[in-house]
Amino acid sequence: MSWRERENEDNFRPRGRGSVPPWRHKERDDGNRYFPMRSRSQEGSWIETDSFCRRGRGNWRYRGATRGRDQNKREARSQDNLCDDILPEKRRALRKGRQYPIGRKQLELLLDEQPDLVVLELLREQSGYQLYLQQDEVRNESLILLIRVLARACLAKSNKQNLIDLFCMTCEQKFMDRLCAFSMTIKRQYPNEASTFFLNLHIFLETYASAMTTNAIDRITDLTDACISALGILQDQGFVAAEIKEKYEELQKMLSEAREKWTREKSQASTHRGRYEMDGMEPPDDFRELPVLPVPYDLSKQQRPFLRRNIVEGKYKDGQHYLDIQFRLLREDFVRPLRNGINDFKDNTKNIRDVRIYRNVSIVESDIKRKCIIHYIQLNLAKHFKVENSKRLLYGNLLCFSKDNFKSMVLASVAERDVDMAKKGIIGVKFESDIQDFDLSGNFTMVESRAYFMAYKHVLQTLQDMSGNTVPMEEYIVHVKQDVKIPTYLDMADNSYDLRVVRDTRMMKKSEIKNKLKCFELEEEKYSDNEEDSNDSLEELHNVPMCLGLEVWPSHLEMGLDTSQHRALHGALTRQFAIIQGPPGTGKTFIGLKITQTLLHNSQFWKDEENPTPILVVCYTNHALDQFLEGIMTYTQSIVRVGSRSKNEAIGKFQINYLAQSVRQYRGIPKAINDRSSELFGNVVELEYSIKNLRAIANTCVAFEGILNLNSFLQEDVIPKHLQNQLMQDSNQMTKWLLLNMQSEDLRNTSFRKMPQPDVGYAAAKEVDGSPENAMLENNPGLDKDENDDYFQDAEELIQLEEEDRRLDDLDDMPMTDKTMTVVYEITYEMLDRNMKELVNRESDLEEYFRHAIYKSQKECLARGLNLPESHAEMEKLENMDINIWRLDFLTRWKLYKFWLLKLYRKVMKKLTSLEAIFQRKAKALQEVKDQEFLHIMRHHSIVGMTTTGAAQYSAVMQDLAPAIVIIEEAAEILESHVITALTAKCQHLILIGDHQQLRPSATVYELATKYGLETSLFERMIKNGLA
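Residues numbered from 1 in each chain as written. Predicted model: local features only at pLDDT ≥ 70, side-chain atom pairs only at ≥ 80, totals over all residues. Heavy atoms only, no water.

## Points about the packing of helix 7 (residues 160–170) against helix 9 (residues 194–211)
Packing of helix 7 against helix 9 brings their axes to within 11 Å, and their N-to-C directions diverge by 110 degrees. Relative to helix 9, the element helix 7 is oriented roughly perpendicular. Seen along the crossing, helix 7 lies across helix 9 with a hand that is left-handed. Taken together, the residues of helix 9 that come into contact with helix 7 (itself represented by L163, I164, F167 and T170) are F204, T207, Y208 and A211. Along the lines of polarity and charge, the residues of the contact of helix 7 with helix 9 split into six nonpolar, two polar and no charged. (Axes fitted to C-alpha atoms, helices over the stretch in contact; angles between N-to-C directions. Helix = DSSP H or I, 4+ residues; strand = E, 2+ residues; numbered from the N terminus. Parallel < 35°, antiparallel > 145°, perpendicular 65-115°, else oblique. Left-handed = near helix turned anticlockwise from the far one by under 90°. Contact = heavy atoms within 4.5 Å. Nonpolar A, V, L, I, M, F, W, Y, C, P; charged D, E, K, R; others polar.)

Have a look at this one:
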């Protein structure tokens, strides 16, 4: 094929200045052409070769030879280096990556990308951004452009952990000094660009200071001072406005206050915020600084929480006043049951309120599942009590663990309740508190709250994040203005809707019928080829002005509606804040579907071409969501369902995870997301393997199942150097050292104590010492008999269905690694037993008889040696002496071996704690990247449906998605705070559908519901204030 023929190919990329002519590009062995914009590194990955200074930015070269795909796979780690060099960063450093920094053209292209994609692209290893930051010299024009790119990246809302990683990479002292120097010279070299530069720099610095305040105090204080100095001169010269300097002065003030607060809190004793008495109507502290999770002080009897009633009739002072009331009421709704129950328990009250108490709970094992560290707890329950058939310990319930009568505690949530494991009394939990310094050994008292904690957690966090910004629909929700305006997207000269679709579904706009992702092949529908077929009989509905009143609209007969539906349709389409209320059977859902269809058909008015957003549909329950989406299916297939797996087969194909798998299969994910995901996934896999290996080693150090091999001690440098050589003479040296020529009489008369066997794994969980299975429920006054338990015998399926409704289908429950964790022993009880069983002829064969006697004697000696009392202080002195360990008596040898086990355990646990913290951070970043996949899919569909719980959990994603139109079904049954967190600052049109005279929101605390107005929904409050 000639190079001219290649220019006509679909994938041909135009050449830039200085690029190599296409005919000079080499051909791949498989016949595929190398594109001029990309090349391969020695690792077989595509890289860009920027020869910006020498032969033009379009000069791309091929580096290295192509290697097979199999060579890119990570090899299994050998047993010899399980404990060292376990950080993935060390392994990646061995690879050869990009050799040149990111160029100007790439930075310019990033300005047109979505902010979340900009973050991921800069973090991508092959982007060259890190090399850019490491340069000794950077052109000033390039630095100005980079600040523009970073300012755009700071607009990302759903990528917090990755944004923090970007800040950590960028805000090194070298880069801060470079910005500081340039800020002082820009007034001379680029005065006309100073205004834009300082505005973008302020966005970057303010976001950095908000996300990482402690680090920012030391890193950007000098830079802020330099900017204020330069802005003063530029303002006098007329190059910048006074407002820009004021922004930096506010940032300087914020940093100063943060420094003073940090210094004050550091010097003072550790005290919890919120220890104030009620003082009028002003809050004693900022609700944004209150912890979402309860602390011991929250559970004190003397605690009087600051609470103000929900203003049902009338307006709030401002958005801060409104959010403060909503946050404190919702937080108290799940904290108070814990406070009441724990205080009843501490007072030995017979009837404990609101919670369930479990005594003698122990943590038996931990594992990594769904990218989370899960700890398995063993419950001490009565034999006849079946937790798997009760409503206890459902997914997401909050648990409190304490050893000291709740003077201190850690919090967790139920993360896994497998039926088979639950029958054995084993439940998987995820710790919500920091457990780095908490001793997880021994027995705990555990308290279970009946409230579904996950819903509270996400909503409370979102309310805190909303503070400081404008509350969505503030003039109506906060100030309850009754004069509702037309949606802002209709504020134009021509705002006439095509309402023919209300009568004839075939008129539906074709662009909104199918999704915008080409990788999906949808079933052909009867309307799939119709693009607004003309219908002369409906011409009166073709151009209907939205600014006109109902009296000049086409009549209800012309639109095929009754009068109430006609009025509801008009109000929903022409009011920013619309409420549709009516009793059951009046067609609320029907008119809701018509409203959605009409908005889709006229999407050109409210969709942004640069950032097209879907309509967000929110329902209280999964069942209602499936019903509403099933109705939408009749006129569009461009639907995404987010949340737990749908039980409706027709809706299943729209499930977000199913769509994501299809997009990945057809490579429809943007490269920045895909590369960052692959990188983080590799990190997480390696970290998971290392954590599981270290945990296995730690378990063997306390399990006393046999004698560990010498390499396990050498890898962690446990044995002093001068003693290592004495043991490295042959294989199985530890066994020879501890058991060679050793007879049972050597330890026969030695006093020893039986060491308690730790609970390691499920085998140990089956039999827990001191946990009598015949204990009765009445012997445990805290383990109250659930009033509904009798009705849930043999009801496993019903309980599982309830848990599925709680669990969001947001994680791939795929095994991260299939490597088997093995710890090498030189000898164990099991090996000796197996050897003795193989000697079947020992009664007649004299040789087998002696071998059997030796194995039996070794097993007895092994048991006595492993259970000898410790004398660690004595052994610590001994190992530092110049001794011959082969001349030590066997008692001293075993004591020294057990001391080395202790040292190995401590070193491994220290590494394990550090790795688990890194794993949690990487797993969070990986989940954020997966959220970006979801965000990419949502942006290319017309309808996104989710429950209120899903909307709260994906609130950060919703901020980036920024749907202009939100429709909430069953709005009268939803707590007001849950509705608010489903909205974004860019919401231009809110439609609430429901009936407050039927069902009201359900609060946990009766007093808060009735006396503080928590049971009053936003839907009902707006009606009472005349907005309907």
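## Side note on the sheet that holds strand 3 (residues 355–369)
One closed barrel holds the six strands; their spatial order is 3-4-7-6-5-8, and the pairing between them is antiparallel. Adjacent strand axes in the sheet meet at a mean angle of 50 degrees, parallel and antiparallel pairs treated alike. Where strand 3 meets strand 4 (residues 372–378), seven bridges bridge the pair, whose relative direction is antiparallel. Residue pairing across strands places S366 opposite H375, the latter belonging to strand 4. Relative to the sheet, helix 24 (residues 671–703) contacts strand 3 and strand 4, its axis offset from that of strand 3 by approximately 115 degrees. (Pairing = 2+ DSSP bridges.)

## Re the packing of aromatic side chains
Applying the stated rule across the entire model yields 20 aromatic pairs. An angle of 50 degrees between the planes, with centres 5.7 Å apart, marks the rings of F334 and F453 as tilted. Remark: F453 occurs in helix 15 (residues 453–466) and F334 occurs in helix 13 (residues 319–346); sequence separation between them is 119 residues. Here F334 falls in the buried class, since its relative accessible area comes to 1%. Classification of F453 as buried rests on a relative accessible area of 1%. Pairing Y476 with F577 gives two aromatic rings, centres 5.9 Å apart and planes at 50 degrees, and the pair type is tilted. On the criterion of sequence distance, the pair formed by Y476 in helix 16 (residues 474–477) and F577 in strand 11 (residues 577–581) is long-range, its members being 101 residues apart. Look at F577 and you get buried, because its relative accessible area is 0%. In textbook terms, an aromatic cluster arises when at least three aromatic residues are bridged by ring pairs, as seen for F182, Y190, F197, F198 and Y248. Above the plane of the ring of F890 lies R893, whose end atom (NZ or CZ) is 4.4 Å from the centre. In this arrangement the basic side chain of K898 is found over the ring face of F704, its NZ or CZ atom lying 5.1 Å from the centre. (Phe/Tyr/Trp six-rings, centres within 6.5 Å; stacked < 30°, edge-to-face > 60°. Buried < 20%, exposed > 50% of the residue type's maximum accessible area, 1.4 Å probe, protein only. Lys NZ or Arg CZ within 6 Å of the ring centre and 35° of its normal.)

## Focus on a nonpolar patch on the surface
Taken together, the side chains of L846, Y849 and F850 present a nonpolar region at the surface, about 350 Å² in accessible area. With respect to the secondary-structure elements, L846 resides in helix 32 (residues 846–866). (Patch = residues over 30% accessible without salt bridge, like charges linked within 9 Å, V, L, I, M, F, W, Y side chains within 5 Å. Areas by Shrake-Rupley, 256 points an atom, 1.4 Å probe, with all protein chains shown as cover. Salt bridge = Lys/Arg side-chain N within 4 Å of Asp/Glu carboxyl O.)

## Section: the side chain of E826
If you trace the backbone, E826 turns up in strand 15 (residues 825–828). Within the buried set, E826 has no salt-bridge partner at all; the shortest N-O distance to an opposite charge, 8.6 Å, is to K736. Among the polar contacts made by the side chain of E826, one reaches the main-chain amide nitrogen of M734 at a distance of 3.2 Å. A polar atom in the side chain of E826 sits 2.7 Å from the backbone nitrogen of T735. With residues up to four places along the chain from it excluded, the contact list for E826 reads I707, L708, N709, L710, N732, Q733, M734, T735 and M831. (Lys, Arg positive; Asp, Glu negative; His and termini not counted. Polar contact = N/O pair within 3.5 Å; in protein donor to acceptor, adjacent residues only side chain to side chain.)

## Describing the environment of N732
Tracing the backbone shows N732 in the loop between helix 26 (721–727) and helix 27 (733–739). For the pair formed by N732 and Y825, sequence separation is 93 residues and the distance between their alpha carbons is 9.2 Å.

## Considerations on the nonpolar core
Ranked by internal contacts, the top residues of the largest apolar core, which has 149 residues, are F577, F713, Y897 and W900. If you tally residues by element for this core, the top one is helix 34 (residues 890–939), at 20 residues. Apart from residues lying up to four places away in sequence, F713 is in contact with L708, V718, I719, M734, Y897, W900, L901 and L904. (Core = buried A, V, L, I, M, F, W, Y, C linked by side-chain atoms within 4.5 Å.)

## Comments concerning unusual backbone geometry
Non-glycine residue L393 carries a positive phi angle of around 50 degrees. Locating L393 in the fold gives a position in the loop between strand 4 and strand 5 (397–402). For E970, which is not glycine, the phi torsion reads 60 degrees and is therefore positive. The residue E970 is located in the loop between strand 17 (965–968) and helix 37 (976–980) in this model.

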